[in-house]
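Read off the chains here:
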Amino acid sequence: MDSMTSFETRIPDYVERVEHALASRLPAADTAPAALHDAMRYAILGGGKRIRPLLCYATGEALDIDPEDLDDAACAVEMVHGFSLVHDDLPAMDDDDLRRGKPTVHKAYGTATAILAGDALQTLAFNVLADGRNSSACRISMVRTLAQATGSLGMTGGQVLDLEAEGKQIDLPALEELDHRKTGCLIRAAVMLACDALPGLDAGVRHRLDDFALQMGLAFQIRDDLLDVEGETATLGKTSGADAAHAKSTWPSLLGIDTARQRADTAYAQAMQSLQPLGQAADGLRFMAQYIVQRSY
């Protein structure tokens, strides 16, 4: 069994690990205000591919970090991802009815509760990092990394760019910047949070991992755009064709399906090049990258 296949066999354990860690860090559903806490747990638990936590743990394997030292980071990045999905699905944003094969949070709990559940998940993510088991210096670095990825110069700013681009034809550089912020920044944070957990990490290694994450953030979004065109709602767990319905510029709409796929392959190849000096230790990241560009949902 090669080391990439070996990581694949560990994925169920990692998914179970982060599910348990998330459940233990979220307030109990019956804790007042119960409706809010139930909505938070509904948004986060029991679904999703957990790509960001898996990237965090795979980076930990590359750097020989104990998974226990990454549990808080894995939970925090998934909570921010969950908050972004709750808000992204709202009527004022993408107005989606389905997420992960079940009604979106605002459909299940109402719009006001969904907004507040997203707010609470975001703040809880930073609380988890601040109270974590890592050293104080590592925790400060983690908080900074996640804040930069989440804020106006990261994911939230990317969402604004996405809204502004609806109904317009934007060029490729503008689309790449939009996707880097809206999607790529949190993919990048998943890898960088693991780097933050290792004091004294060599700057060259950190740079290579950062470049890997940058390229895979782009590949992830291109693949998402392709799935929105080619996928089925039942398989995706969310409404297919949403990009076209909102008149959004996407990689397939600007380049065509074949050229968009080639661009994702180029980003993947560049990401693999960045990992080359890390040897077999980075095979978990190689597996995750392969999964990202080949996934069917």
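A brief report on the enclosed structure follows.

Reading the values: rules and limits
Residues numbered from 1 in each chain as written. Predicted model: local features only at pLDDT ≥ 70, side-chain atom pairs only at ≥ 80, totals over all residues. Heavy atoms only, no water. Helix = DSSP H or I, 4+ residues; strand = E, 2+ residues; numbered from the N terminus. Buried < 20%, exposed > 50% of the residue type's maximum accessible area, 1.4 Å probe, protein only. Lys, Arg positive; Asp, Glu negative; His and termini not counted. Salt bridge = Lys/Arg side-chain N within 4 Å of Asp/Glu carboxyl O. Polar contact = N/O pair within 3.5 Å; in protein donor to acceptor, adjacent residues only side chain to side chain. Contact = heavy atoms within 4.5 Å. 1 Å grid on protein atoms, 1.4 Å probe; cavity = no way out; pocket = protein on both sides within 12 Å on 5 of 7 lines; lining within 4 Å. Points joined across faces, edges and corners; volume = space filled by probe spheres on them. Nonpolar A, V, L, I, M, F, W, Y, C, P; charged D, E, K, R; others polar.

Position of R41 relative to the elements: it lies in helix α2 (residues 34–44). No salt bridge is formed by the buried R41, whose closest oppositely charged neighbour, D38, lies at an N-O distance of 6.3 Å. Within the structure, R41 has its side chain in polar contact with the backbone oxygen of A23 (distance 3.3 Å). Non-local contacts of R41, meaning those with residues more than four positions away in its chain, are made with A23, L26, P27, A28 and A29.

This part takes up the environment of Q159. For Q159, the position within the fold is in helix α8 (residues 155–165). For Q159, a relative accessible area of 12% translates into the label buried. C-alpha separation for the pair Q159 and L22, spaced 137 residues apart in sequence, amounts to 25 Å. What Q159 contacts, discounting residues up to four positions off in sequence, is D88, M93 and K182.

Across all of its chains, the model carries 20 salt bridges by this definition. Among the salt bridges present, the one from R223 reaches E230, with a minimum N-O distance of 4.0 Å. A residue is classified by how much of its surface remains accessible, and R223, at 13% relative accessible area, is buried. Looking at E230, the relative accessible area reads 38%, which means it is partly exposed. Within the structure, one salt-bridge network assembled from shared partners comprises E19, R50, E78 and R100.

Take α2 next. Turning to α2, its buried residues are H37, A39, M40, R41, Y42, A43 and I44. G46 occupies a position one or two residues after α2 and carries a positive phi of about 70 degrees.

Once that is clear, we can look at the layout of surface pockets. By volume, the second largest pocket is sized at about 210 Å³. Taken together, T145, Q148, A149, L153, G154, C185, R188, A189, M192, R206 and D210 form the lining of the second largest pocket. For the lining of the second largest pocket, the secondary structure elements donating two or more residues are α7 (136–150), α9 (172–196) and α10 (203–230). For the lining of the second largest pocket, the per-class residue count stands at five nonpolar, three polar and three charged.

Fair warning: the whole summary comes from geometry, so function is off the table for now.
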